[in-house]
Amino acid sequence: MTPPPSIVWAEQVLGPIDAWTDLPGGMSSEIRRCRSGRRSFVVRHITDLEWRQREPGLIDAEATALTLLQPSSVRAPRLLASSPADGMLAMSWVPGELATTPSSVAERAGDLGRLAASIAAVPLPSEHALPEWRSWAPERPTVPDGGDEALWRRAIAAGRTDAPSQSSAVLLHRDLHPLNVLWDASGPVVVDWVNACVGHPHAELGHARWNLAVLGDEDAADAMLAAYNERSSFGPYSPWWDIMAVLGLLPLPVGLGGWHAVGRTDLTAARVLDATERFLERSLAAFEH
């Protein structure tokens, strides 16, 4: 069998590979665990060419983030090699289990909040080359098919207001959610840093809270925020971040393949839309209060 391009590249930069296994959950990348003797490592190949053209700094961002994290308290893979032009990166393999069932999401929600606070506390050098956070919301958001038009119109109006001010920018994972965190006896290990950037500390939370609301419920999302606030000193959280995270999902429906690959086949497009609108209604009520 002809090896895939990522394996060919990995052998060129890291030496012979004895075997490889595809890992589940990748939405825009092929992720493979490789074995070479007693060593294991992971190779990412971003295969979504449109995404790579739109965001040419993805591999550089992940490489930079993994380097910054090594001396910190946030556990993450170790960078081994990267080729931004090819959309490829090799990193150490880390063991751990995902927490994606409703009960495990509820159990880990507080830990995820504390983890987000730890990421925000990672020291940033004056020159780091990470991009600044920007919203994923489209320029002209539209109401999703089957959605509550009045609700989404309120959200779109809220999204046009100014972002909360910030005193300083911090490191952001930018896609922090249960599918990107592995758990072992020592705690969490954060993977998938291609969206790493810097920005307002609370920019980390809206996307994570939406994921918790869908995978679990609104109580899990609130538990994460409460735990984060116990560890941070960045001031009160604005639900504007929740609203912008939801607008960044448009046009719905979101891709379900990643969730289905880890066993959450209960999450249909209809159920995700329903959970999203419940989360959005609560956030809008707080924002408009």
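What counts, and at which threshold
Residues numbered from 1 in each chain as written. Predicted model: local features only at pLDDT ≥ 70, side-chain atom pairs only at ≥ 80, totals over all residues. Heavy atoms only, no water. Axes fitted to C-alpha atoms, helices over the stretch in contact; angles between N-to-C directions. Helix = DSSP H or I, 4+ residues; strand = E, 2+ residues; numbered from the N terminus. Parallel < 35°, antiparallel > 145°, perpendicular 65-115°, else oblique. Contact = heavy atoms within 4.5 Å. Nonpolar A, V, L, I, M, F, W, Y, C, P; charged D, E, K, R; others polar. Buried < 20%, exposed > 50% of the residue type's maximum accessible area, 1.4 Å probe, protein only. Core = buried A, V, L, I, M, F, W, Y, C linked by side-chain atoms within 4.5 Å. Polar contact = N/O pair within 3.5 Å; in protein donor to acceptor, adjacent residues only side chain to side chain. Salt bridge = Lys/Arg side-chain N within 4 Å of Asp/Glu carboxyl O. Phe/Tyr/Trp six-rings, centres within 6.5 Å; stacked < 30°, edge-to-face > 60°. Lys NZ or Arg CZ within 6 Å of the ring centre and 35° of its normal. Pairing = 2+ DSSP bridges.

### Regarding the packing of helix α6 (residues 205-215) against helix α8 (residues 240-247)
Next, step 1: For the pair α6 and α8, interaxial distance at closest approach is 7 Å and the crossing angle is 70°. Between α6 and α8, the angle is such that the two are roughly perpendicular. Residue-level inspection shows Gly206, His207, Arg209 and Trp210 of α6 in contact with α8, the latter providing Trp241, Asp242, Ala245 and Val246.
Next, step 2: Of the residues in the contact of α6 with α8, the class split is four nonpolar, two polar and two charged.

### Considerations on unusual backbone geometry
Next, step 1: The peptide bond linking Leu250 to Pro251 adopts the cis configuration, its omega dihedral lying at 0°.
Next, step 2: Tracing the backbone through its elements, the reader meets Pro251 in the loop between α8 and α9 (257-261).
Next, step 3: At the junction of Leu252 and Pro253, the peptide bond is cis and its omega measures out at 5° in the coordinates.
Next, step 4: Here Pro253 shows up in the loop between α8 and α9.
Next, step 5: The phi torsion at Ala129 lies on the positive side, around 70°, for a residue other than glycine.
Next, step 6: Following the sequence through the fold, Ala129 ends up in the loop between α4 (102-120) and α5 (149-159).
Next, step 7: Residue classification places Ala129 among the exposed residues on the basis of a relative accessible area of 75%.

### Some remarks on the nonpolar core
Next, step 1: Counting 80 residues, the largest nonpolar core has Leu176, Trp193, Trp210 and Trp259 as its most contacted members.
Next, step 2: The contact partners of Leu176, leaving out residues within four places of it in the chain, are Leu112, Leu115, Ala116, Ile119, Val181, Val190, Glu204, His207, Ala208 and Met224.
Next, step 3: Counting 10 residues, the second-largest nonpolar core is a separate cluster that includes Ile7, Trp9, Ala10 and Cys34.

### Some details on the side chain of Asp192
Next, step 1: Structurally, Asp192 is set in the loop between β8 (187-190) and β9 (197-199).
Next, step 2: A distance of 2.8 Å separates polar atoms of two side chains, one belonging to Asp192 and the other to Arg44.

### A look at the pattern of salt bridges
Close approach of charged atoms allows side chains of opposite charge to pair.
Next, step 1: Per the counting criterion, the structure on display carries 19 salt bridges.
Next, step 2: For Asp111, the salt bridge identified is with Arg114, shortest N-O distance 2.9 Å. Separated by three residues within a single helix, Asp111 and Arg114 lie in helix α4, roughly one turn from each other.
Next, step 3: The exposure class of Asp111 is partly exposed, given its relative accessible area of 24%.

### Concerning the packing of aromatic side chains
Next, step 1: According to the stated counting rule, one finds three aromatic pairs in the structure shown.
Next, step 2: Positioned above the aromatic ring of Trp93 is the side chain of Arg33, whose terminal nitrogen or guanidinium carbon lies 3.5 Å from the ring centre.

### Here's the deal with the environment of Ala19
Next, step 1: Inspection of the secondary structure assignment puts Ala19 in strand β1 (residues 19-22).
Next, step 2: A relative accessible area of 33% places Ala19 in the partly exposed class.
Next, step 3: As for Ala19 and Arg35, which are separated by 16 residues in sequence, their C-alpha atoms are 5.3 Å apart.
Next, step 4: Aside from chain neighbours lying at most four places away, what touches Ala19 is Arg33, Cys34 and Arg35.

### Describing the pairing of strand β2 (residues 29-36)
Every other side chain in a regular strand lies on the same face of the sheet, so the side chains alternate between the two faces.
Next, step 1: The element β2 is largely enclosed, with a buried count of six among its eight residues.
Next, step 2: Note: β1 against β2, four bridges, orientation antiparallel. Among the inter-strand pairings, Ala19 is bridged to a residue of β2, identified as Arg35.

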